[in-house]
Amino acid sequence: MKKVFRSALLIGFLSISASMMSKDRDFSLSFGKTEAETVRFEVSNAKNVSVVIYNDTYGELFSEDLDSDKNVIKSYNFKDLDAGIYYLLLESDRKIEKYKIKVSADKKVIIDKKPVAEIIKPEFQVDGNKVKLVLSELKNTARISVSDFSGNVYYNSTKPAIDGKLEITFDLNPKTADNYIISVEENGKVFNKTISLK
């Protein structure tokens, strides 16, 4: 009986650990104290994260790529920028987060610490000619299509989320086409992935 209890406890612990590790594999952002003209923030799990600051008038003002498994602290000074609305955009292989930054006429910087937009990207797991598409944190439906470079459509369907997730596997035929495009449309955002079977 003790062995059964220990085994059940170990399986439960491993399941919880695996779940927590999968959620922690992507970046998270926390803002430090904003001092006058400077924005300070910390990015944890900053592996393959791009950082962009832009606004609608001037476009991209600054960008850099972070590549660290550890926490990275960044500071940006807004003193030479005009009053207005700016955006801080962070993007990894898995998600995109966008934060609003307001610079007042007296150069005070105010940050909305909750993202104005957060997009979880589709994940593609390729094994030979089989491709598994995984959409996590899907709230409604997603339109999915598979086509080739000649415009032939092999699959086109709108699928609902089941418990916030959608998984679908495609068995792509290398005799039909060398390259396939899998398109995923969710809430007006379109992600395309080219799969080469050469």
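Residues numbered from 1 in each chain as written. Predicted model: local features only at pLDDT ≥ 70, side-chain atom pairs only at ≥ 80, totals over all residues. Heavy atoms only, no water.

*Asks:* Now, about the nonpolar core: what can you tell me, with residues and values included?
*Replies:* Counting 22 residues, the largest nonpolar core has Phe-41, Phe-78, Leu-88 and Leu-90 as the members making the most contacts within it. Elements supplying a minimum of two residues to this core: strand S1 (28–31), strand S2 (38–44), strand S3 (49–55), strand S5 (72–77), strand S6 (84–91), strand S7 (95–103) and strand S8 (109–111). Other than its neighbours up to four places away in sequence, Phe-41 contacts Leu-29, Ser-30, Phe-31, Gly-32, Val-51, Val-72, Ile-73, Lys-74, Tyr-76 and Leu-88. (Core = buried A, V, L, I, M, F, W, Y, C linked by side-chain atoms within 4.5 Å. Buried < 20%, exposed > 50% of the residue type's maximum accessible area, 1.4 Å probe, protein only. Helix = DSSP H or I, 4+ residues; strand = E, 2+ residues; numbered from the N terminus. Contact = heavy atoms within 4.5 Å.)

*Asks:* Outline the environment of Phe-191, supporting the account with residue identities and numerical values.
*Replies:* By the secondary structure assignment, Phe-191 is in strand S16 (residues 189–196). Classification of Phe-191 as buried rests on a relative accessible area of 18%. Put simply, Phe-191 and Ile-144 are 47 residues apart on the chain and 9.7 Å apart in space, counted from C-alpha to C-alpha. Not counting residues up to four positions away in its chain, the partners in contact with Phe-191 are Ile-119, Lys-121, Pro-122, Ile-182, Ser-183 and Val-184.

*Asks:* An account of the pairing of S3 is needed here, citing residue identities and associated values.
*Replies:* Buried residues dominate S3, accounting for 7 of its 7 residues. The side-chain alternation of S3 yields two buried faces, one formed by Val-49, Val-51, Ile-53 and Asn-55 and the other by Ser-50, Val-52 and Tyr-54. Across 7 bridges, S3 lies against strand S4 (residues 59–66) in antiparallel orientation. Paired with Val-49 across the two strands is Leu-66, which belongs to S4. Examined bridge by bridge, S3 and S6 share 5 bridges and lie antiparallel to one another. Its bridge partner being in S6, Val-51 is matched across the sheet by Leu-90. (Pairing = 2+ DSSP bridges.)

*Asks:* Can you explain unusual backbone geometry? Please cite residues and give values.
*Replies:* Non-glycine residue Glu-137 carries a positive phi angle of around 55 degrees. Within the element layout of this structure, Glu-137 appears in the loop between strand S11 (130–136) and strand S12 (141–148). If you check the backbone angles, Asn-187 has positive phi at about 50 degrees while not being a glycine. On the secondary structure map, Asn-187 appears in the loop between strand S15 (179–186) and S16.

*Asks:* How would you sum up the pattern of salt bridges? Please name residues and give values.
*Replies:* Following the criterion strictly, the structure yields 8 salt bridges and no others. The salt bridge involving Lys-47 is made with Asp-67; its shortest N-O contact spans 3.3 Å. Taken as a pair, Lys-47 in the loop between S2 and S3 and Asp-67 in the loop between S4 and S5 lie far apart in primary sequence, 20 residues in all. On the basis of relative accessible area, Lys-47 is assigned to the partly exposed category, the value being 40%. The salt bridge involving Lys-74 is made with Glu-64; its shortest N-O contact spans 3.2 Å. Here Lys-74 is found in strand S5, whereas its partner Glu-64 is found in strand S4, with 10 residues between them in sequence. (Salt bridge = Lys/Arg side-chain N within 4 Å of Asp/Glu carboxyl O.)

*Asks:* So what's going on with the sheet that holds S5? Residues and values would help.
*Replies:* Within a sheet, each strand pairs with its neighbour through backbone hydrogen bonds, oriented either parallel or antiparallel. If you trace the 3 strands from one edge of the open sheet to the other, you get S1-S2-S5, paired in antiparallel fashion. Edge strands, defined here as strands with exactly one partner in the open sheet, are S1 and S5. The average angle at which neighbouring strand axes cross in this sheet is 25 degrees, direction not considered. Two elements, S2 and S5, share 6 bridges in a ladder whose sense is antiparallel. Looking across to S5, one finds that Phe-41 is bridged to Lys-74. (Axes fitted to C-alpha atoms, helices over the stretch in contact; angles between N-to-C directions.)

Just distances and angles here, no functional claims.
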